[in-house]
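Read off the chains here:
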Amino acid sequence: MINRRTLLFGGAALLLLPAESGAEYARPVTMLNEPYQTIAAVQRDLFPGGSAPSPRLLKAIDYLGGVMRDPYVDEEDKRFLSNGARWLNLQAREDFGKAYYVLDSERRQQVLQKVSGLAWGDNWLWSILSYLFEALLSDPVYGANTHEAGWHWLQYEPGYPRPKAPLI
Amino acid sequence: MKQYDICIVGSGAGASPVAYELSRAGYRVLVLEKGPYLTEKDFTKDEIAVSRRSIYTPRLREEQHVVETYSSDGSIDRVTAAESGWNFWNGSMVGGSSNLMSGYFHRMKPVDFRLRSAFGPVEGANVVDWPISYDDMEPYFTKVEQLVGVSGRVVEHPFQERRSTKDFPFPPTWEQPISGWFDTACETLGYHSIPTPRAVLPFDALGRSGCSYSNFCGSYGCATGAKGNARAALLEKAKATGRCDILPNVFVYRLDADRQRVTAAHYFDADGRSHTVTAGTFVVAAQAIESVRLLFNSRNDLHPDGLGNANGQLGKNLIFSAGGSGRGRFEFARLNERQRFELMTRGAFVNRSLQEWYVYHQNGRALKGGTIDFLFEHPNPVSRALRELYDDEGNLLWGRKLQARLKHAFTASRIFAFEVFNDWMPTDKCFVSVDESVKDKWGVPVGKIRLYGHPHDIEVGNYLAAKAERVLRQMGAVEIESDISSAPPPNLVAGGCRFGTDPEHSVLDPDCRMHGIANLYVSDASFMPTGGSVPYTWTIYANAFRVADAIIAALKGRETGYNNVKDS
Ligand SMILES: Cc1cc2nc3c(=O)[nH]c(=O)nc-3n(C[C@H](O)[C@H](O)[C@H](O)COP(=O)(O)OP(=O)(O)OC[C@H]3O[C@@H](n4cnc5c(N)ncnc54)[C@H](O)[C@@H]3O)c2cc1C
Ligand code: SF4
């Protein structure tokens with residue numbers, strides 16, 4: 001399987017994908033829209049800056065926007081990413097009366113701690129972290145891992161040849 | 001319409017030797033492949049596309065399998081791959097999954113061809129001897145070394161198989177310094193360290209470029225042509241004869257057959273239009289599960305249960321490579337500067353294996369053991385990072401703790417791993433059929449896989465893993481662990497169209513021609529009644545060269561002689 005963009009680079013496949021698959025993967029999302037507002041806050045809490053590159057530098061939330069449009073990611077998984085953000089906010093409201101992203105950092109950690117003990121929560125945080133790791137360690141052609149910051153942080157050298165364009 | 005002598009379904013390791021030999025012998029060959037035609041320039045080391053999104057395999061909601069397993073009370077659990085994400089596809093493209101292999105190549109050993117005679121029956125398993133011997137196959141193993149290109153170095157060890165040539169035609173690829181640590185550990189333990197043969201060219205040869213040591217070999221397509229994949233090694237050369245046409249992006253959904261011959265193949269093109277091709281001889285090599293599926297889906301009034309299924313044998317005795325994997329960690333804190341530098345050498349191959357226990361004795365009985373290959377953990381960074389997500393108590397990590405763990409894993413340690421390959425006992429409980437209620441995007445019933453791993457396989461796998469762990473300990477690794485289970489590796493699959501002399505118990509004759517259908521051959525791993533305790537691809541290639549000779553002999557009205565072998 002291969003997509004239209006690869007076709008341009010010499011592949012011979014005829015599979016047709018939605019037009020947006022050829023556009024930049026991590027193009028900016030509208031931050032005030034859900035699930036992005038909640039997930040961006042969760043990304044910051046799961047992976048704070050400091051010695052490691054921050055989710056903001058990595059463009060992790062824009063990358064997640066790409067995941068939401070990615071024809072290779074199962075629709076069910078995309079729904080789960082959105083639903084998880086909703087359930088996290090329900091939990092935050094139940095415990096502290098406010099949406100997750102407006103709580104103070106200590107309370108946000110308490111909510112994370114609580115949901116990580118629930119089956120859906122453990123799965124959801126795992127998913128969020130796995131796409132965050134993609135933003136941290138993917139080739140910058142996908143629009144994340146800005147200036148190869150993730151690779152530098154982990155002293156990682158990529159394999160060659162590197163992709164010249166996203167294959168998806 | 002163009003006339004073909006041979007029509008081959010699939011273009012991987014089982015298909016390409018037939019295309020190569022027949023086109024060079026002057027026959028007109030057509031290869032039908034459901035995946036795209038990708039070449040060296042299409043392959044990059046893009047983990048997101050290749051490993052995280054699996055772009056080389058079909059999307060499961062369009063094309064999938066139904067998977068059945070036995071629950072503890074013996075009832076059957078059924079799940080579709082679209083629901084479970086359980087992917088039994090391996091690589092849909094010209095050259096098949098051989099494009100993505102790591103190229104660990106081992107010959108099967110003489111004892112693998114007579115498992116039943118050598119070790120007797122195993123309760124609940126259908127162990128048989130092969131209808132041919134190692135000596136029948138040896139010239140073809142040699143042919144693969146020379147034409148596909150296998151690099152290595154022959155060393156003496158207790159299970160070194162007979163060879164008609166002294167050494168490999170190509171020297172080993174560039175090796176990791178850790179291979180020396182491995183050799184020293186084995187010497188101390190009294191084990192025979194073996195340089196692992198590899199289907200990788202160390203330098204330019206055979207009209208292909210040598211290895212660039214890209215560090216990303218297994219699961220990735222090769223951008224130089226050094227990997228002995230079916231397309232680079234054989235199909236391009238078949239095409240160059242001018243007598244071999246390769247049609248990519250076409251899915252073969254049915255073969256028509258009269259009482260004794262296949263008359264046509266039907267396929268859908270990328271636009272969903274159906275086409276028909278005729279040929280004198282047909283060869284199915286779509287990988288074990290899909291080959292069986294096609295033969296079931298080709299049922300007609302004369303073959304109501306599917307082609308080759310008059311005796312209910314089609315799809316039976318599906319096997320995988322049994323065993324599992326293990327690993328240990330080398331911590332920088334325990335190493336001196338030189339050792340750290342050696343450990344972090346990148347790109348070179350470990351190239352080491354052990355076959356010390358290919359046959360071993362326990363409680364007074366001889367048991368068939370297997371092969372252990374040693375390697376570094378796959379360099380895919382996202383998968384490596386994901387392995388660090390839980391602490392030792394199984395708690396999900398985040399924040400600074402997670403970051404510290406990642407930093408340590410990537411910059412202050414390295415994981416050395418092993419893979420165990422032993423026989424998967426063929427049984428009545430593990431087989432392929434089709435599921436009429438689940439269709440793919442073309443409306444064709446999908447393959448249904450019933451899985452069962454015999455407890456014997458796990459016993460042997462654990463025995464071998466304990467030996468491998470001992471080597472890792474001797475080398476100084478920590479956090480050593482292994483997982484041996486009956487979980488099947490989807491990429492190492494065989495059986496379903498057993499070959500044999502007796503049509504009651506096999507689907508193919510010793511030439512891999514279908515019993516009762518004179519012009520239909522199956523040349524992928526489906527023919528294997530038992531799998532040997534090695535990865536399969538060298539055997540698949542070798543056997544497909546043998547099948548090519550059998551087809552040429554049949555076309556010339558000659559006998560191969562294999563069919564005169566008595567059932568043992
Ligand atoms: C990641 C990975 C690593 C591996 N590493 C090793 C290794 O180190 N050593 C080793 O020995 N083996 C290894 N293998 C296994 C090896 O690739 C296979 O054993 C071998 O390629 C199987 O050959 P085949 O001809 O049966 O199938 P394939 O090579 O998979 O070819 C089958 C082809 O048939 C096509 N096809 C299927 N159905 C149809 C249809 N209906 N119509 C048209 N075309 C169809 C498929 O698209 C595919 O291209 C590895 C495999 C993978 C995926
Ligand atoms: S260049 Fe070498 S390491 Fe890279 S994929 Fe090809 S054979 Fe493997």
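Residues numbered from 1 in each chain as written. Chains lettered and ligands numbered in written order. Predicted model: local features only at pLDDT ≥ 70, side-chain atom pairs only at ≥ 80, totals over all residues. Heavy atoms only, no water.

**Student:** Before we go on, may I ask you to explain the overall build of chain B in this structure?
**Tutor:** Scanning chain B for helices and strands turns up 13 helices and 22 strands. Taking 568 residues into account, the globule formula puts the C-alpha radius of gyration at 24 Å, and chain B, at 23 Å, falls close to it. With the C-alpha coordinates of chain B rotated into their principal frame, the extents come out at 70 × 55 × 50 Å. Contacts spanning at least 24 positions in sequence make up 74% of the contacts within chain B whose residues lie at least 6 apart. For chain B, the accessible area works out to roughly 20,200 Å², and carbon and sulfur atoms hold 48% of it. (Helix = DSSP H or I, 4+ residues; strand = E, 2+ residues; numbered from the N terminus. Rg over C-alpha atoms; globule rule 2.2 N^0.38 Å. Contact = heavy atoms within 4.5 Å. Areas by Shrake-Rupley, 256 points an atom, 1.4 Å probe, with all protein chains shown as cover.)

**Student:** I'm lost on the pairing of strand β15 (residues 365–368) of chain B in this one. Help?
**Tutor:** Residue and element names in this part refer to chain B. For strand β14 (residues 359–362) and β15, the ladder comprises four bridges, and the chain directions are antiparallel. Following the sheet pairing, V359 is matched in β15 by K368. The hairpin turn running from β14 into β15, its antiparallel successor, is two residues long, and N363 in that turn takes a positive phi close to 50°. (Pairing = 2+ DSSP bridges.)

**Student:** How should unusual backbone geometry be read in this particular structure?
**Tutor:** The phi torsion of most residues other than glycine is negative, and most of the peptide bonds are trans. Going from E34 of chain A to P35 of chain A, the amide bond is cis rather than trans, its omega being 10°. Considering the arrangement of structural elements, one finds P35 of chain A in the loop between α1 (4–8) and α2 (36–46). The omega torsion of the bond from Y160 of chain A to P161 of chain A falls at 0°, within 30 degrees of zero and hence cis. Relative to the helices and strands, P161 of chain A is located in the segment after α8 (149–153). Phi is positive for N351 of chain B, close to 50°, though the residue is something other than glycine. Within the fold, N351 of chain B resides in the loop between α9 (337–343) and β13 (352–354).

**Student:** Any chance you could explain the UniProt feature "domain: Glucose-methanol-choline oxidoreductase C-terminal" (unreviewed entry) in chain B here in plain terms?
**Tutor:** Using the residue numbers shown here, the UniProt feature "domain: Glucose-methanol-choline oxidoreductase C-terminal" (unreviewed entry) corresponds to residues 426–544 of chain B. Secondary structure across residues 426–544 of chain B comprises 24% helix and 24% strand; the distance between its end C-alpha atoms is 22 Å. (UniProt positions renumbered as here; feature names shortened; annotations may be inferred.)

**Student:** I keep staring at the site of ligand 2 and nothing clicks. Help me out?
**Tutor:** Taken together, K45, V200, C211, S212, S214, F216, C217, C222, T224, A226, K227 and F349 of chain B make up the full set of residues adjacent to ligand 2. Along the lines of polarity and charge, the residues of the shell around ligand 2 split into seven nonpolar, three polar and two charged. (Near = heavy atom within 4 Å. Nonpolar A, V, L, I, M, F, W, Y, C, P; charged D, E, K, R; others polar.)

**Student:** What is the right way to look at the pairing of strand β4 (residues 76–80) of chain B in this model?
**Tutor:** Looking along a regular strand, one sees side chains alternate from face to face of the sheet. Inspection of the sheet shows strand β3 (residues 66–70) of chain B paired to β4 of chain B by five bridges, in the antiparallel sense. Across the sheet, V67 of chain B pairs through a bridge with V79 of chain B, a residue of β4 of chain B.

**Student:** Just checking my understanding: could you explain the site of ligand 1 for this structure?
**Tutor:** Residue and element names in this part refer to chain B. Looking at ligand 1, there are 37 residues lining it, with G14, E33, S97, Y104 and T537 nearest. Taken by itself ligand 1 offers 1,000 Å² of open surface, and the protein chains cover 94% of this. When residues of the shell around ligand 1 are traced back to their parent elements, those giving at least two are β7 (251–257) and α13 (537–555). Per-class residue counts for the shell around ligand 1 are 17 nonpolar, 16 polar and four charged.

**Student:** Honestly, the nonpolar core in this entry has me stumped. Any pointers?
**Tutor:** For soluble globular proteins, the rule of thumb is that nonpolar side chains tend to be buried together. Judged by nonpolar contacts, the single largest core of 106 residues is most densely connected at L255 and L520 of chain B. At 10 residues, the largest contribution of residues to this core is made by α13 of chain B. L520 of chain B has contacts with L255, V262, F282, V284, L295, L307, C512, R513 and M514 of chain B, leaving out every residue within four places of it along the chain. In terms of nonpolar packing, the next biggest core, distinct from the first, is built from 69 residues, L81 and F133 of chain A together with V50 and L406 of chain B among them. (Core = buried A, V, L, I, M, F, W, Y, C linked by side-chain atoms within 4.5 Å. Buried < 20%, exposed > 50% of the residue type's maximum accessible area, 1.4 Å probe, protein only.)

**Student:** Can you help me understand the packing of α2 of chain A against helix α7 (residues 119–137) of chain A in this one?
**Tutor:** Each pair of packed helices can be described by the angle between their axes along with the distance between the axes. Residue and element names in this part refer to chain A. Interhelical geometry of α2 versus α7 gives an angle of 80° and a closest axis separation of 11 Å. Considering the angle they form, α2 stands roughly perpendicular to α7. Here α2 contributes I39, V42, Q43 and L46 to the contact with α7, which in turn contributes W124, L125, I128, L129 and L132. Class assignment of the residues belonging to the contact of α2 with α7 gives a composition of eight nonpolar, one polar and no charged. (Axes fitted to C-alpha atoms, helices over the stretch in contact; angles between N-to-C directions. Parallel < 35°, antiparallel > 145°, perpendicular 65-115°, else oblique.)

**Student:** Could you clarify how one ought to interpret helix α1 (residues 16–24) of chain B in this entry?
**Tutor:** In an α-helix, one turn spans 3.6 residues; hence positions three or four apart end up facing the same way. The buried fraction of α1 of chain B is high, at eight of nine residues. Just past α1 of chain B, the residue G26 of chain B takes up positive phi, approximately 100°.

**Student:** Is there a simple way to think about the sheet that holds strand β19 (residues 445–451) of chain B in this case?
**Tutor:** The pairing of strands in a sheet happens through backbone hydrogen bonds and is either parallel or antiparallel. All names here are of chain B. In space, the four strands of this open sheet follow the order β4-β3-β19-β18, with mixed pairing throughout. Both edges of this open sheet fall to β4 and β18 (431–439), since each of them pairs with a single strand only. Ignoring which end each strand starts from, the neighbouring axes of this sheet average 30° apart. Pairing analysis gives six bridges linking β18 to β19, with the strands arranged antiparallel. Paired with F431 across the strands is R450, a residue of β19. Here helix α8 (residues 288–297) sits on the sheet and contacts β18 and β19; the angle it forms with β18, its principal contact strand, is near 60°.

**Student:** Which parts of the structure should I look at to understand the sheet that holds strand β17 (residues 413–422) of chain B?
**Tutor:** Residue and element names in this part refer to chain B. Across the sheet, six strands lie side by side as β5-β13-β16-β17-β12-β20; this open sheet has antiparallel pairing. The two strands at the open ends of the sheet, each matched to only one other strand, are β5 (194–195) and β20 (478–485). The sheet contact formed by strand β16 (residues 370–376) and β17 spans seven bridges and is antiparallel. Of the residues in β17, the one forming a bridge with T371 is F421. Relative to the sheet, helix α6 (residues 178–189) contacts β12 (322–331), β13, β16 and β17, its axis offset from that of β13 by approximately 25°.

**Student:** Is there a simple way to explain the environment of R108 of chain A in this structure?
**Tutor:** Residue and element names in this part refer to chain A. With respect to the element layout, R108 can be found in helix α6 (residues 105–116). Relative accessible area serves as the criterion here: at 16%, R108 is assigned to the buried category. As a C-alpha pair, R108 and A41 span 67 residues in sequence and 9.1 Å in three-dimensional space. There is a polar contact of 2.7 Å between the side chain of R108 and the side chain of D45. (Polar contact = N/O pair within 3.5 Å; in protein donor to acceptor, adjacent residues only side chain to side chain.)

**Student:** Mind showing me how you'd approach the side chain of D423 of chain B here?
**Tutor:** All names here are of chain B. Of note, D423 is situated in the loop between β17 and β18. A polar side-chain atom of D423 sits 2.6 Å from a polar atom in the side chain of K368. Within the structure, the side chain of D423 is placed 3.3 Å from the backbone nitrogen of G532, a separation counted as a polar contact. If sequence neighbours within four positions are ignored, D423 has contacts with D112, L115, A322, K368, G369, D457, T530, G531, G532 and S533.

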